[in-house]
Amino acid sequence: MSPETTRVPIAEGLSRAADEARFLSREAEHLDASIAAALGQSSPADSNGLQNADLIRQGLEGLALFLSALATTVDEQGTCCPAQAATKVMMKEQSGRLQNNRPPDGAVKAHYSSELWTG
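Along each chain, residue indices are assigned from 1 in the same order as the chain's sequence is written. The predicted origin of the model limits local features to residues at a pLDDT of at least 70 and limits the giving and counting of side-chain atom pairs to 80 or more, whereas totals for whole chains, interfaces and linings rest on all residues. Calculation of side-chain values draws on the structure's entire complement of heavy atoms; hydrogens and water are dropped beforehand.

Peer 1: How would you summarise the overall build of the protein if you had to cite specific residues and measurements?
Peer 2: Per the convention used, a helix needs a DSSP run of H or I reaching at least four residues, while a strand needs a run of E reaching at least two, with both numbered from the N terminus. If you tally the helices and strands in the protein, you get four helices and zero strands. Its helices and strands in sequence order give the protein the pattern α-α-α-α, from N to C terminus. Within the span of the protein, comprising 119 residues, buried residues form 21% of the whole. Accessible areas in this description were obtained via Shrake-Rupley with a 1.4 Å probe; residue shielding takes into account the shown protein chains only. For the protein, the exposed surface amounts to about 8300 Å²; the carbon and sulfur share of it is 56%. Summary of the burial criterion: residues with accessible area below 20% of their type's maximum are buried, those above 50% are exposed, and those between are partly exposed, where the area comes from a 1.4 Å probe applied to protein chains only.

Have a look at this one:
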């Protein structure tokens, strides 16, 4: 079977990517119960890796929301508005990255922010 060679509007391509990110996020949700159980039985050193796994799952979910919203912002010229789409993302740092907001030069960021969620 050959790959599809038909060109499609960018919004359709973004929607397909959002569907895939949503699929991966749903599949990763199956890990939540295992992660929660492991966190309860792990040492503090091990729990960081488990928390990172959950953060990845949440990031996939945020990416799916972003891509879906981004597809709705595509105009006739083929441009889109990442800032508008990023407002749908619930994790503050991810939303900022998708809006291309960068920390000031020399700023040291902790892996986990105290302000994880957007307002």
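Peer 1: Go over the nonpolar core with me, naming the residues and quoting the values.
Peer 2: By convention a nonpolar core is built from buried Ala, Val, Leu, Ile, Met, Phe, Trp, Tyr and Cys residues, the set being connected through side-chain atoms within 4.5 Å. By size, the foremost hydrophobic cluster in this structure holds ten residues: Leu14, Ala18, Phe66, Leu67, Ala69, Leu70, Ala71, Ala85, Ala86 and Val89. Taken together, the elements giving at least two residues each to this core come down to helix H1 (10-41), helix H2 (44-71) and helix H3 (82-86). The element best represented in this core is H2, accounting for five residues. Two residues form a contact once any of their heavy atoms are found within 4.5 Å. Contacts of Leu70, omitting those with residues within four sequence positions, involve Leu14, Cys80, Cys81, Pro82 and Ala85.

Peer 1: Talk me through the environment of Gln84; I want residue IDs and the actual numbers.
Peer 2: For Gln84, the position within the fold is in helix H3. Owing to a relative accessible area of 49%, Gln84 belongs among the partly exposed residues under this scheme. C-alpha of Gln84 to C-alpha of Leu70: the two residues are 14 residues apart in sequence and 7.7 Å apart in space.

Peer 1: Describe in detail H1, supporting the description with residues and values.
Peer 2: Note on helix geometry: an α-helix contains 3.6 residues per turn, so any two residues three or four positions apart are oriented the same way. Given a helix with a known number of residues, its expected span is that number minus one, times 1.5 Å. Between its first and last C-alpha, H1 extends 46 Å over 32 residues, near the 46 Å set by a 1.5 Å rise per residue. Working definition for bend: take the seven residues up to and ending at a residue and the seven starting at it, fit an axis to each, and measure the angle between the axes. The axis of H1 is deflected most strongly, by about 30 degrees, at His30. Of the residues making up H1, those classed as buried are Leu14, Ala18, Ala21, Ser25, Ala28 and Ile35.

Peer 1: I'd like a description of the environment of Ser95, backed by residues and values.
Peer 2: Accessibility expressed as a relative area gives 5% for Ser95, which makes it buried. Placed 32 residues apart in sequence, Ser95 and Leu63 show a C-alpha to C-alpha distance of 9.3 Å. Pairing of N or O atoms within 3.5 Å defines a polar contact, subject to two protein rules: one partner must be a possible hydrogen donor and the other a possible acceptor, and residues neighboring in sequence count only if both atoms are side-chain atoms. In this structure the side chain of Ser95 is engaged in a polar contact, spanning 3.0 Å, whose partner is the side chain of Gln99.

Peer 1: Tell me about the pattern of salt bridges, and please be specific about residues and values.
Peer 2: Take a side-chain nitrogen of Lys or Arg and a carboxyl oxygen of Asp or Glu: if they are within 4 Å of each other, that pair is a salt bridge. With the rule as written, the count across this model stands at three salt bridges. A salt bridge links Glu12 to Arg16; the shortest N-O distance between them is 2.6 Å. Of this pair, Glu12 and Arg16 are both found in helix H1, four residues apart, which corresponds to roughly one turn of the helix. Put simply, Glu61 and Arg57 hold a salt bridge, and the shortest N to O gap is 3.2 Å. Taken together, the residues span about one helical turn, with Glu61 and Arg57 both in helix H2 at a distance of four residues. You can call Arg57 buried: its relative accessible area is 10%.

Peer 1: Please set out the environment of Glu20 residue by residue, giving values where relevant.
Peer 2: Tracing the chain through its elements places Glu20 in helix H1. We classify Glu20 as partly exposed; its relative accessible area is 43%. In the structure, Glu20 is positioned 43 residues away from Leu63 in sequence and 10.0 Å away in space, judged by C-alpha atoms.

Peer 1: How would you sum up unusual backbone geometry? Please name residues and give values.
Peer 2: The backbone phi angle of Asn100 is positive, close to 70 degrees, even though this residue is not glycine. If you trace the backbone, Asn100 turns up in the segment after helix H4 (92-98). Relative accessible area serves as the criterion here: at 52%, Asn100 is assigned to the exposed category.

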